[in-house]
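Residue-level structure breakdown
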Amino acid sequence: MSEQQVPAARVPLIEEADATGRTAELYDLIKSRTGLPFVPDMFRLVSTRPDLMEVLITGYTGVFGDGVLPRATREMISAWSSKVNGCPYCVGTHNWFLAQFGGTEELTHAIATADKPGELPLDAKHLALIELVTQVCTGAYRITDEEWDRVAAAGWNNDEMLEAVFTAGLFAFINRLVDGYGLGSSMTRSRVASQSEAGADAAAG
């Protein structure tokens, strides 16, 4: 298998056309799970280690398969967590997905430019959840029972909050991989974010 070095990436990425064996199988699985016609580079960062790629696929499926939160809410959490974690590449990717699942241009723009949750165009219920997500990203150990109860009082049940915190935690992991391997330099680097409307229809389907 030949390997491709994506500009600025610090690790080799196997070309889809050159993938064989377990890597090729996982590439097909990724495309079926994402609804995209290509394998996003985030997964390809560990394409030389199929065992590690399987971990990413499992996490992705857990968050973006069937869930208790609307897909748009999960994408909002993913994009905002990426912003808080300083990963512009993932902000671009998940703002794109957020737009496909009903997020407004006002919201995606705010996620890309805001410095704190209060600057996002959210109602009180969603703001409470995003404030919890922000705490997960900046210091989860500081979350108190009282703060958890405050989010519940805003209208979120335990299953929804579990999924929100899990999503934010997963992106703490993904963001650090993307940045650590050198892929996270800008929002415009994401191939997902530059997809056409045809790609959007496939992903949303």
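Please read all numbers here as calculations on a predicted model, not as lab measurements. (Residues numbered from 1 in each chain as written. Predicted model: local features only at pLDDT ≥ 70, side-chain atom pairs only at ≥ 80, totals over all residues. Heavy atoms only, no water.)

**Regarding the pattern of salt bridges**
Tallying each qualifying case throughout the model produces 8 salt bridges. Between Arg74 and Glu163 there is a salt bridge; the shortest N-O distance is 3.9 Å. Here Glu163 lies in helix 9 (residues 158–180) and Arg74 lies in helix 4 (residues 71–84), a separation of 89 residues in the sequence. Judged by relative accessible area, which is 5%, Arg74 ranks as buried. For Arg150, the salt bridge goes to Glu131, with nearest N and O atoms at 3.3 Å. Here Arg150 is found in helix 8 (residues 145–153), whereas its partner Glu131 is found in helix 7 (residues 124–139), with 19 residues between them in sequence. Among the residues examined, Arg150 registers a relative accessible area of 38% and is labelled partly exposed. Members of the salt-bridge network, linked through shared partners, are Arg22, Glu25 and Glu54. (Salt bridge = Lys/Arg side-chain N within 4 Å of Asp/Glu carboxyl O. Helix = DSSP H or I, 4+ residues; strand = E, 2+ residues; numbered from the N terminus. Buried < 20%, exposed > 50% of the residue type's maximum accessible area, 1.4 Å probe, protein only.)

**A short note on the packing of helix 5 (residues 88–100) against helix 6 (residues 105–113)**
Two quantities define a packed helix pair, namely the angle between the axes and the distance from one axis to the other. At their nearest, the axes of helix 5 and helix 6 sit 10 Å apart, and the two run at 165 degrees to each other. The pairing of helix 5 with helix 6 is recorded here as roughly antiparallel in orientation. Note that helix 5 runs across helix 6; the crossing there is right-handed. Residues Val91, Asn95, Leu98 and Ala99 of helix 5 touch helix 6, and the partners they reach there are Leu107, Thr108, Ile111 and Ala112. For the contact of helix 5 with helix 6, the per-class residue count stands at 6 nonpolar, 2 polar and no charged. (Axes fitted to C-alpha atoms, helices over the stretch in contact; angles between N-to-C directions. Parallel < 35°, antiparallel > 145°, perpendicular 65-115°, else oblique. Left-handed = near helix turned anticlockwise from the far one by under 90°. Contact = heavy atoms within 4.5 Å. Nonpolar A, V, L, I, M, F, W, Y, C, P; charged D, E, K, R; others polar.)

**Section: the state of the cysteines**
In this structure the tally under the stated criterion is 0 disulfides. Not engaged in a disulfide, the cysteine Cys87 finds its nearest cysteine sulfur in Cys90; these two sulfurs lie 3.4 Å apart. For Cys90, a relative accessible area of 3% gives the class buried. (Disulfide = S-S within 2.5 Å.)

**Notes on the nonpolar core**
Tyr27, Ile30, Phe43, Leu45, Met53, Ile174 and Val178 are the most contacted members of the largest nonpolar core, which totals 32 residues. Of all the elements in the fold, those that place two or more residues in this core are strand 2 (13–14), helix 1 (21–34), helix 2 (41–44), helix 3 (50–64), helix 5 and helix 9. Broken down by element, the residue count for this core peaks at 6 residues, all from helix 3. Here Ile30 is in contact with Val39, Pro40, Phe43, Met53 and Ile57, once residues within four sequence places are set aside. Membership of the second largest hydrophobic core comes to 23 residues, among which are Ile77, Leu129, Val151 and Met161. (Core = buried A, V, L, I, M, F, W, Y, C linked by side-chain atoms within 4.5 Å.)

**Things to note about the environment of Lys31**
Mapping Lys31 onto the fold places it in helix 1. If sequence neighbours within four positions are ignored, Lys31 has contacts with Glu16, Leu36, Pro37, Phe38 and Val39. Within the local environment of Lys31, its side chain forms a polar contact with the side chain of Glu16, the two groups lying 3.3 Å apart. (Polar contact = N/O pair within 3.5 Å; in protein donor to acceptor, adjacent residues only side chain to side chain.)

**What to know about the packing of aromatic side chains**
Under the definition given, this model contains 4 aromatic pairs. Seen from their ring centres, Phe43 and Tyr60 are 5.7 Å apart, and the 70 degrees between their planes marks the pair as edge-to-face. Residue Phe43 is located in helix 2, and its partner Tyr60 is located in helix 3; the two are separated by 17 residues in the primary sequence. Both residues of the pair, Phe43 and Tyr60, belong to the buried class. Judged by centre distance (4.9 Å) and plane angle (50 degrees), the rings of Tyr60 and Phe64 are tilted. Taken as a pair, Tyr60 and Phe64 lie in helix 3 at a separation of 4 residues, close to a single helical turn. Exposure class is identical for Tyr60 and Phe64. Each is buried. Chaining the aromatic ring pairs together yields one cluster made of Phe43, Tyr60, Phe64 and Phe171. (Phe/Tyr/Trp six-rings, centres within 6.5 Å; stacked < 30°, edge-to-face > 60°.)

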